[in-house]
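# Geometric and topological summary
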Amino acid sequence: MTTAPERTADLYPTRGATEVATPRMDPVVWSEPGTPGPIEPAVLAEYERDGFLAIDQLITPDEVDMYSRELERLTTDAEIRADERSIIEPKSDEIRTVFEVHKISEVFADLVRDPRVVGRARQILGSDVYVHQSRINVKPGFGATGFYWHSDFETWHAEDGLPAMRTVSVSIALTRNYDTNGGLMIMPGSHKTFLGCAGETPKDNYKQSLQMQDAGTPSDESLAKFADAHGIKLFTGEAGSATWFDCNCMHGSGDNITPYPRSNVFIVFNSVENEAVEPFAAPVRRPEFIGARDFTPVR
Ligand SMILES: O=C(O)CCC(=O)C(=O)O
Ligand SMILES: [Fe+2]
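A brief report on the enclosed structure follows. (Residues numbered from 1 in each chain as written. Chains lettered and ligands numbered in written order. Predicted model: local features only at pLDDT ≥ 70, side-chain atom pairs only at ≥ 80, totals over all residues. Heavy atoms only, no water.)

## A look at the pattern of salt bridges
Side chains carrying opposite charge are able to pair once their charged atoms draw close together. Scanning all chains against the criterion turns up 21 salt bridges. With its nearest N and O atoms 3.3 Å apart, the salt bridge here joins D83 to R85. The exposure class of D83 is partly exposed, given its relative accessible area of 26%. Across the pair R113 and D110 runs a salt bridge whose closest N-O atoms are separated by 2.6 Å. Of this pair, R113 and D110 are both found in helix α5 (residues 106-113), 3 residues apart, which corresponds to roughly one turn of the helix. Under the relative-accessibility criterion, R113 is labelled partly exposed at 38%. (Salt bridge = Lys/Arg side-chain N within 4 Å of Asp/Glu carboxyl O. Buried < 20%, exposed > 50% of the residue type's maximum accessible area, 1.4 Å probe, protein only. Helix = DSSP H or I, 4+ residues; strand = E, 2+ residues; numbered from the N terminus.)

## Re the coordination of the iron ion (ligand 2)
A four-donor tetrahedral metal ideally has 109.5 degree angles, and a six-donor octahedral metal ideally has angles of 90 or 180 degrees. Around the iron ion (ligand 2), the protein contributes the donor atoms H150 (NE2), D152 (OD) and H251 (NE2), at 2.1 to 2.2 Å from the metal centre. For D152, a relative accessible area of 11% gives the class buried. Residue H251 is classed as buried on the basis of its relative accessible area of 4%. (Donors = N, O, S within 2.8 Å, 3.2 Å for Na, K, Ca; no water.)

## Brief notes about the sheet that holds strand β10 (residues 233-234)
Ordered in space as β6-β12-β8-β10, the 4 strands form an open sheet in which the pairing is antiparallel. A strand with exactly one partner marks an edge of an open sheet, and here the two such strands are β6 (147-151) and β10. Its contacts with the sheet put helix α7 (residues 152-160) on β6 and β12 (250-253), and the angle it makes with β6 is roughly 70 degrees. (Pairing = 2+ DSSP bridges. Contact = heavy atoms within 4.5 Å. Axes fitted to C-alpha atoms, helices over the stretch in contact; angles between N-to-C directions.)

## Structural notes on the packing of aromatic side chains
According to the stated counting rule, one finds 10 aromatic pairs in the structure shown. Ring centres 5.2 Å apart and planes at 55 degrees place the aromatic pair Y12 and F194 in the tilted group. Taken together, the residues Y12 in the segment before β1 (20-23) and F194 in strand β9 (residues 193-196) connect sequence positions 182 residues apart. Overall, the relative accessible area of 0% leaves F194 in the buried class. (Phe/Tyr/Trp six-rings, centres within 6.5 Å; stacked < 30°, edge-to-face > 60°.)

## Brief notes about the packing of α5 against helix α6 (residues 115-125)
Helix packing geometry: the angle between the two helix axes and the distance between the axes. Orientation of α5 relative to α6, taken along the N-to-C sense of each, is 45 degrees, at an axis distance of 5 Å. One element, α5, and the other, α6, form an angle in the oblique class. Each of L111, V112 and R113 in α5 lies in contact with α6, whose residues at this interface are P115, V117 and V118. Looking at the contact of α5 with α6 residue by residue, the classes come out as 5 nonpolar, no polar and 1 charged. (Parallel < 35°, antiparallel > 145°, perpendicular 65-115°, else oblique. Nonpolar A, V, L, I, M, F, W, Y, C, P; charged D, E, K, R; others polar.)

## Notes on empty space enclosed by the protein
Overall, the coordinates contain 1 cavity of 30 Å³ or more when judged by the stated rule. Taken as a whole, the largest cavity encloses approximately 60 Å³ of empty space. E159, T201, P202, K203, D204, N205, Y206, A282, P283, V284, R285 and R286 together form the lining of the largest cavity. (1 Å grid on protein atoms, 1.4 Å probe; cavity = no way out; pocket = protein on both sides within 12 Å on 5 of 7 lines; lining within 4 Å. Points joined across faces, edges and corners; volume = space filled by probe spheres on them.)

## Overview of the side chain of H132
Summarising the element assignment, H132 is placed in strand β5 (residues 129-137). By relative accessible area, which is 1% here, H132 ends up buried. A polar side-chain atom of H132 sits 3.0 Å from a polar atom in the side chain of D160. The contacts of H132, once residues within four sequence positions are left out, are W156, D160, L162, V268, N270, I290, G291 and A292. (Polar contact = N/O pair within 3.5 Å; in protein donor to acceptor, adjacent residues only side chain to side chain.)

## So, the pairing of β12
Judged by which residues are buried, β12 turns out to be covered on both faces: M250 and G252 on one side and H251 and S253 on the other are all buried. Bridge count between β6 and β12: 3 bridges; the pairing is antiparallel. Bridged to F147 within β12 is S253. Relative to β12, strand β8 (residues 184-186) runs antiparallel, the two sharing 3 bridges. Counted as the bridge partner of L184 is S253 from β12.

## Points about the packing of helix α2 (residues 61-75) against α5
Interaxial distance between α2 and α5 falls to 9 Å at its minimum, and their mutual angle equals 140 degrees. Judged by the inter-axis angle, α2 sits oblique to α5. Like other packed secondary-structure pairs, α2 and α5 cross with a definite hand, here left-handed. Taking contact as the criterion, the partners of M66, Y67, E70, L71 and L74 in α2 are, on α5, V107, F108 and L111. Residues of the contact of α2 with α5, tallied by class, amount to 7 nonpolar, no polar and 1 charged. (Left-handed = near helix turned anticlockwise from the far one by under 90°.)

Taken by themselves, the reported measurements are silent on function.
Given below as structure tokens:
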């Protein structure tokens, strides 16, 4: 007798013939109420409601200098530029994103392990955590392209096989985020609805979606409905400020046509109790520098 391989139930259908909205089935905050941690209970309650929380100064100006120097070193290194982890701006030929910065740099590995960082991730996710993805979005001035509206979880579920919404991102500003240089925008409360997108995932979708989103893109009608219902919040702040946001927030950012770069480090923590399985709606897994398969907890 043969038994079918065990399959993880698909709670969040996407990439089918039509767009489908599914209510969120998972908690937003996974730790027991009252669990001690760096986030105050009232702030955690706001995070649950809105899907994000902002911190004026997560790291000090000296630390910002150190991380900026490290970013400068990475983006001027010819070997790193040639590496598949570097994504190049289609127009200007400048580096747009460097992936897996915590693997290619000891300095950024330390940032991930910092209790101000990993401590908040553990508190939100209620368990040990590992890094599903890390990246720096460099967003140089004079025309860096933005990121069209999306839910990260839609992609991580469809293409990386994350089963549940037990994943959180932190975006730490290494340059000042003005209201003009392509800052992050989130629709508050959008994390409570999963928008399954229409359209099959092409093989090797990531190669083109990292430069410009296509599969996994919500329709204009749905975006208008979401925006009318939730509004849009723009995140600004000094270098050293940070935004924590739930994996299912509808978010994006505009182009940066100012002279001022907007360079932020993104670290994505996933619960060790929510390890990636096979993709739910894609023919193949994405490479590990984009969707990790090493589930070793951050210590
Ligand atoms: O850089 C930004 O502002 C947004 C980036 C983003 O949404 C992503 O990298 O998934
Ligand atoms: Fe995103």
